[in-house]
Amino acid sequence: MPHELPKAYEPGAIETRWADYWKNEKLFHAPTPPEGHVRNVFSLLLPPPNVTGRLHMGHMLNQTEMDIIVRWHRMRGDLTLWLPGTDHAGIATQMMVERQLRSEGKSRRDLGREAFIQRVWCWRKQYGGAILDQMKRLGASVDWQREYFTMDDNLSRAVREVFVRLYEQELIYRGKYIVNWCPDCGTAISDLEVKHEEVPGKLYEIRYPVVGSKEFITVATTRPETMLGDTAVAVNAKDERYAHLHGKKVVLPLMNREIPIILDELANPEFGTGAVKVTPAHDPNDFQAGLRHNLPQIDVMDERAHLNENAGPYAGLDRFAARKRVLEDLEAQGFLVGTKDYTISLGKCDRSGTVVEPRLSEQWFVKIEPLAKRAIEVVEKGYIHFTPDNYKQIYLNWMYNIHDWCISRQLWWGHRIPAWRCGDCKEITVARETPTKCSKCGSAQIEQESDVLDTWFSSALLPFTSLGWPEGTRDLEVFYPTSLLITGFDILFFWVARMIMMGCWFMMPPEKPMRAGEKSKSHEEALRNSVPFREVYIHALVRDAERQKMSKTKGNVLDPIEVIEKYGTDATRFTLAAMAAPGTDIAFNPNRTEGYRNFANKIWNAARFMFMSMDRLGVTRAPSPATAGTTGVSGFTTATLEDRWILSRFNGVAGYVNEALETYRFHEAANRIYDFFWGEFCDWYIELIKPRLMSEEAGRQNAAQIACNNLVSLFDASLRLLHPVMPFITEEIWHAIYDGKPPLQSIAMAAYPQADQKQIDLESETHMVVLQDLIVSIRNLRAELKIEPKLKTPIQVYTHEPEIRSVIEQNRGAIERQASVEQINFVETSLAKLPGARHTARFDVHVVYEQKIDIAAECERLKKEQERLGKALTSGQSRLENETFLAKAPTDVVEGLRKQVRENEVLLEKTISKRKELGCP
Ligand SMILES: [Zn+2]
Ligand SMILES: [Zn+2]
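Quick caveat, the model's predicted, so the values are computed rather than measured. (Residues numbered from 1 in each chain as written. Chains lettered and ligands numbered in written order. Predicted model: local features only at pLDDT ≥ 70, side-chain atom pairs only at ≥ 80, totals over all residues. Heavy atoms only, no water.)

Undergrad: In this structure, what is going on with the nonpolar core? I would like to understand it.
TA: The tendency in soluble globular proteins is for nonpolar side chains to be buried side by side. Among the nonpolar cores identified, the biggest contains 132 residues, and Phe715 and Ile733 are the most heavily contacted of them. The element best represented in this core is helix 22 (residues 666-694), accounting for 14 residues. Setting aside residues up to four positions removed in sequence, Phe715 forms contacts with Ile603, Ala606, Ala607, Met610, Phe677, Phe681, Ile733 and Ile737. If you look at the next biggest cluster of nonpolar residues, it comprises 73 residues, including Ala30, Val366, Leu371 and Trp405. (Core = buried A, V, L, I, M, F, W, Y, C linked by side-chain atoms within 4.5 Å. Buried < 20%, exposed > 50% of the residue type's maximum accessible area, 1.4 Å probe, protein only. Helix = DSSP H or I, 4+ residues; strand = E, 2+ residues; numbered from the N terminus. Contact = heavy atoms within 4.5 Å.)

Shown next as structure tokens:
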């Protein structure tokens, strides 16, 4: 038999085979098109997973959505590029390799910088990119030929170019700044990497003696150890209580240092005593106040958060040990005047969980305002569009309040900052090429900055650097701006916002002088085309079946690979798509995946039926370019109502699905395809054409062959419709339809169905609704009457509409077969009042059947039923009287048993009275 599918649908074997085929045949490679090319372009960037990453449900959702959109565009004939790659993930990767070293009893310092970086590259070679292999299993149709890594030479050069240009534009500067310092990771971390937690803590009140008087000023703090670095006490100028102390000084307890009383808004008269201590080196607000008043910055801690020589007798202590000692000493010397319970918002390092220390350090910054201004403009003007649209405002609010971006990280793994410090004159030389001497004094004593760039710095550039920037490549010309970005909310600020800032900055060509009137237009055009992507779709979270967030601590994390192994990738993808309503979190329940595995099974079995019919009737599908290129159902002959109806429905569904995908309503697309494929196509259409497929008319192109051709045409088109959501099973069956010699290498290259208005036939749809309604009504009536399936019954039908009557008459055969009817009699009066008849707006129907009951058999059945219930009742009652059982069994078990006993009592009574009714012996 030519068209053979294995009897059982086994996704595992099919899926790995096609995943390999797609990749090996380079089917998803988007070649750089030559000049003059006119096809529509659709391009998008895969949010690069960390090279250390493992696939989780969030990726699975993200990639399923991207792949649906990408396959859909590709099938619509667009030149489609989906660009994959991995991120070097500075801190995550460095920690992974450091952990490995620790297990060998070594540290990165033992190796030294060069050797350590070599070690990371080895690690990456061995383990990195596992996540891309997992992606292959999902069927992600990325362009594997263009895979990049953010530390590739060309990308690293582009990063350096961006850094140098920003520096030349005076948008990068070095400065002392209060940063979030993680003493464990030994690096500055961004605000976004700090997780805040409300915890119970203490507020300590400390009094500072005023110099030259017997007065004290009381201040409050949650971190008393930082007082060692105080350089002022602030009061509010409007605060009357302190008016007489303006211009005076206090003595800093424990350190015996005189510090000024300053007037600053930092002090709020409404809060506490209205006086605050000022520690510019250890608090971001105090830092700003310190700048306003030219206060010294006294840093009392080192990079591990141990107190340093500036902390006098406390030097060498860990910050928490120091806190204890400081409090003891303050108390002993009479400076501690109160301790109150206080809820603290404690910032912890997202990665290590260590309490973050605000710390003064020398860092590199991007002056963000000019970049942010443009990034705000393009979103306000709608040049970038967000879905769901509430993210637009979330984005804008964040951009309006943005701070300069601290881009340096005290790590070894990453893009090392291209700046060299002169050992002689201290000048900083920033350069594209590694310099050999100081740019100011010419000294050869120069050393490169040891910090690397924040990982998000390089990933912010990817939309253009991955296409060849700074070269003016043809790829950039064709694929930039990318069409779409699909990502999660969690990286909206880390990544999405920064890509917009960098894209709009570096992809905006310098303005050329223009004649009056032309400038603004060309400026707008350039601005519109500087964006990294035109659309942003923010997807939801995948939660567990109980809508709980998945987390390792809760132990409710679902591994997508496990779900795939159990139910198949197609079913897993379908589950996510069917639930992916924009803006709604997904409660992932594997039971649903099982349901969609059954859907795949249904399609499989329908395909097997089709292949059996093709082989029996000698029908083949010619692999002509016409059948591959069609956007509809090709080679379909409308001979009957069901033909006209299914063709009309197919076109309606195709129209709906295309519209849904335009607006990322994945759930509506998936559910509509499901209802069509299973409900209308398999359950109705195939059933209705079976008699035609079996007809014995002779000759070429006989009724059976025409019906079979129709079935094949429709199956082909329906597979194409489903393909973006379930790529594997559709590929498998599609190849089998063409007997392994399809017109194209893959269904992924075939045309996506579009609605053809000419094939929409609303009359046939109305008629089919009546027919289905009639058949379902008869089936239900028969079920109520408990009529054996094999027994055919006559029906009576009343309708006042001649049109409906003729539909029923023309489809007598279908009604008879589908509803086990042996004769249809039309009557002239309504059957609405007749008991057991069904009344609808367009017809009434009555199943003519006299209930015949075999009394002897029924009596026998009832007798057995009575015995069974009697036994169950006695056993239940005796358990309920058993004291030991009652004492040991859980309450819900006892309650369940009581309920069961009560139900059995009722059933027993009913059985007894039924026997009496029938006059049973
Ligand atoms: Zn940390
Ligand atoms: Zn120099």
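Undergrad: I'm lost on the coordination of the zinc ion (ligand 1) in this one. Help?
TA: The reference angle at a metal is 109.5 degrees if four donors form a tetrahedron and 90 or 180 degrees if six donors form an octahedron. Within the first shell, the zinc ion (ligand 1) binds the protein through Cys182 (SG), Cys185 (SG), Cys349 (SG) and Ser352 (OG), at distances of 2.1 to 2.6 Å. Taken together, the four donor atoms coordinating the zinc ion (ligand 1) span angles of 88 to 124 degrees at the metal, a pattern that classifies the geometry as tetrahedral. Counting gaps between the donor residues of the zinc ion (ligand 1) yields the pattern C-x2-C-x163-C-x2-S. Exposure remark for Ser352: the relative accessible area of 26% places this residue in the partly exposed category. (Donors = N, O, S within 2.8 Å, 3.2 Å for Na, K, Ca; no water. Tetrahedral: all angles 85-135°; square planar, octahedral: opposite > 155°, others 65-115°.)

Undergrad: Please explain helix 23 (residues 703-722) as it appears in this structure.
TA: Residues spaced three or four apart along an α-helix face the same direction, because each turn holds 3.6 residues. Taking 1.5 Å as the rise per residue, helix 23 with 20 residues should run 28 Å; its terminal C-alpha atoms sit 28 Å apart, in good agreement. Burial of helix 23 is extensive: 17 of the 20 residues sit out of reach of the surface. For helix 23, the side-chain oxygen to backbone nitrogen distance between the N-cap and Ala704 is 3.1 Å, and the N-cap itself is Asn702. (Expected span 1.5 Å × (residues − 1). Polar contact = N/O pair within 3.5 Å; in protein donor to acceptor, adjacent residues only side chain to side chain.)

Undergrad: What should I look at first to understand the environment of Arg534 in this one?
TA: Among the secondary structure elements, Arg534 is positioned in strand 23 (residues 533-539). For Arg534, a relative accessible area of 27% translates into the label partly exposed. Placed 122 residues apart in sequence, Arg534 and Trp412 show a C-alpha to C-alpha distance of 35 Å. Setting aside anything within four residues of it in sequence, one finds Arg534 in contact with Tyr383, Ile384, His385, Pro481, Thr482, Ser483, Arg528 and Asn529.

Undergrad: Which parts of the structure should I look at to understand the pattern of salt bridges?
TA: Opposite charge on two side chains lets them pair, provided their charged atoms get close. Overall, the coordinates contain 54 salt bridges when judged by the stated rule. Arg71 is paired through a salt bridge with Asp67; the nearest N and O atoms lie 2.8 Å apart. One end of the pair is Arg71 and the other is Asp67, both in helix 2 (residues 57-75) and four residues apart, which spans about a single turn. Both residues of the pair, Arg71 and Asp67, belong to the buried class. A salt bridge links Glu687 to Lys690; the shortest N-O distance between them is 3.1 Å. With Glu687 and Lys690 both in helix 22 and three residues apart, this pair spans about one turn of that helix. Overlapping salt bridges bring together Glu161, Arg165, Glu168 and Arg432 as one network. (Salt bridge = Lys/Arg side-chain N within 4 Å of Asp/Glu carboxyl O.)

Undergrad: Sorry, what's going on with the sheet that holds strand 14 (residues 357-366) here?
TA: Strand pairing within a sheet occurs via backbone hydrogen bonds; the two strands may be parallel or antiparallel. Strand order in this open sheet of four strands is 6-5-14-16, and the pairing throughout is antiparallel. Each edge of the sheet is formed by a strand with only one pairing partner; in this case those strands are strand 6 (187-189) and strand 16 (405-406). Looking at chain direction, strand 5 (residues 172-182) and strand 14 are connected through ten bridges and run antiparallel. By the bridge assignment, Trp181 is partnered in strand 14 with Glu357. (Pairing = 2+ DSSP bridges.)

Undergrad: Just checking my understanding: could you explain the coordination of the zinc ion (ligand 2) for this structure?
TA: Surrounding the zinc ion (ligand 2) are the protein donor atoms Cys422 (SG), Cys425 (SG), Cys438 (SG) and Cys441 (SG), which sit 2.2 to 2.4 Å from the metal. Between the four donor atoms coordinating the zinc ion (ligand 2), the angles at the centre fall across 104 to 113 degrees, so the site counts as tetrahedral. Sequence spacing of the donor residues for the zinc ion (ligand 2), all on one chain, is C-x2-C-x12-C-x2-C. Of this pair, Cys425 sits in the loop between strand 18 (419-422) and strand 19 (428-430) while Cys441 sits in the loop between strand 19 and strand 20 (446-448), and the two are 16 residues apart along the sequence.

Undergrad: Just checking my understanding: could you explain the state of the cysteines for this structure?
TA: Covalently bonding the sulfur atom of one cysteine to the sulfur atom of another cysteine gives a disulfide. Scanning all chains against the criterion turns up one disulfide. At a sulfur-sulfur separation of 1.9 Å, the disulfide partner of Cys859 is Cys920. Residues Cys859 and Cys920 are joined by a disulfide whose S-S torsion is about -80 degrees; by sign, that bridge is left-handed. With Cys859 in helix 28 (residues 855-881) and Cys920 in the segment after helix 30 (891-918), this residue pair connects regions lying 61 residues apart in the sequence. For the pair formed by Cys859 and Cys920, the shared burial category is buried. (Disulfide = S-S within 2.5 Å.)

Undergrad: Looking at this model, I keep getting lost on the packing of helix 19 (residues 590-617) against helix 23. Mind explaining?
TA: When two helices pack together, their arrangement is given by the angle between the helix axes and the distance between those axes. Axis separation between helix 19 and helix 23 bottoms out at 10 Å; the angle between their running directions is 150 degrees. In this structure, helix 19 crosses over helix 23, and the sense of that crossing is left-handed. Between helix 19 and helix 23, the residues in contact are Phe599, Ile603, Ala606, Ala607, Phe609, Met610, Ser613, Met614 and Leu617 and Ala704, Gln705, Cys708, Leu711, Val712, Phe715 and Leu722, respectively. Its residues assigned to classes, the contact of helix 19 with helix 23 shows 14 nonpolar, two polar and no charged. (Axes fitted to C-alpha atoms, helices over the stretch in contact; angles between N-to-C directions. Left-handed = near helix turned anticlockwise from the far one by under 90°. Nonpolar A, V, L, I, M, F, W, Y, C, P; charged D, E, K, R; others polar.)

Undergrad: Which parts of the structure should I look at to understand the sheet that holds strand 9 (residues 232-235)?
TA: Pairing in this open sheet of four strands is mixed, and the strands run 10-11-9-12 from one edge to the other. The strands lining the two open edges of the sheet, one partner per strand, are strand 10 (249-252) and strand 12 (275-278). Within this sheet the neighbouring strands show an average axis-to-axis angle of 30 degrees, counted without direction. With four bridges connecting them, strand 9 and strand 12 associate as antiparallel partners. The residue of strand 12 that forms the bridge with Val233 is Lys277.

Undergrad: Is there a simple way to think about the packing of helix 10 (residues 369-380) against helix 15 (residues 492-506) in this case?
TA: Look at helix 10 against helix 15: their axes get within 8 Å of each other, and the N-to-C directions meet at 95 degrees. Judged by the inter-axis angle, helix 10 sits roughly perpendicular to helix 15. Where helix 10 abuts helix 15, its residues Pro370, Leu371, Ala372, Arg374, Ala375, Val378 and Val379 lie against Ile500, Met501, Met502, Cys504 and Trp505. Tallied by class, the residues present in the contact of helix 10 with helix 15 amount to eleven nonpolar, no polar and one charged. (Parallel < 35°, antiparallel > 145°, perpendicular 65-115°, else oblique.)

Undergrad: Sorry, what's going on with the packing of aromatic side chains here?
TA: Think of a pair of aromatic rings as described by two things: how far the centres are apart, and how the planes are tilted against each other in angle. Counted according to the given criterion, the structure contains 41 aromatic pairs. Pairing Phe574 with Tyr674 gives two aromatic rings, centres 6.1 Å apart and planes at 45 degrees, and the pair type is tilted. Placement of the pair is Phe574 in helix 18 (residues 569-579) and Tyr674 in helix 22, with a sequence separation of 100 residues. Judged by its relative accessible area of 23%, Tyr674 falls in the partly exposed class. Feature note: the residues Phe574, Tyr596, Phe599, Phe650, Tyr674, Phe676, Phe677, Trp678, Phe681, Tyr685 and Phe715 constitute an aromatic cluster, connected by ring pairs. Lying across the ring of Trp364, Arg174 places its NZ or CZ 5.5 Å from the centre. Here the guanidinium or amino end of Lys690 rests over the ring plane of Phe609, the centre of that ring lying 5.0 Å away. (Phe/Tyr/Trp six-rings, centres within 6.5 Å; stacked < 30°, edge-to-face > 60°. Lys NZ or Arg CZ within 6 Å of the ring centre and 35° of its normal.)

Undergrad: What is the right way to look at the environment of Pro743 in this model?
TA: Here Pro743 is to be found in the loop between helix 24 (727-737) and helix 25 (762-784). You can call Pro743 partly exposed: its relative accessible area is 24%. For the pair Pro743 and Ala622, spaced 121 residues apart in sequence, the C-alpha to C-alpha distance is 8.3 Å.

Undergrad: Is there a simple way to think about the environment of Gly503 in this case?
TA: Following the sequence through the fold, Gly503 ends up in helix 15. The exposure class of Gly503 is buried, given its relative accessible area of 0%. Between the C-alpha atom of Gly503 and that of Pro370, which follows or precedes it by 133 residues, the distance is 13 Å. Setting aside anything within four residues of it in sequence, one finds Gly503 in contact with Phe464, Tyr480, Met508, Ser530 and Pro532.

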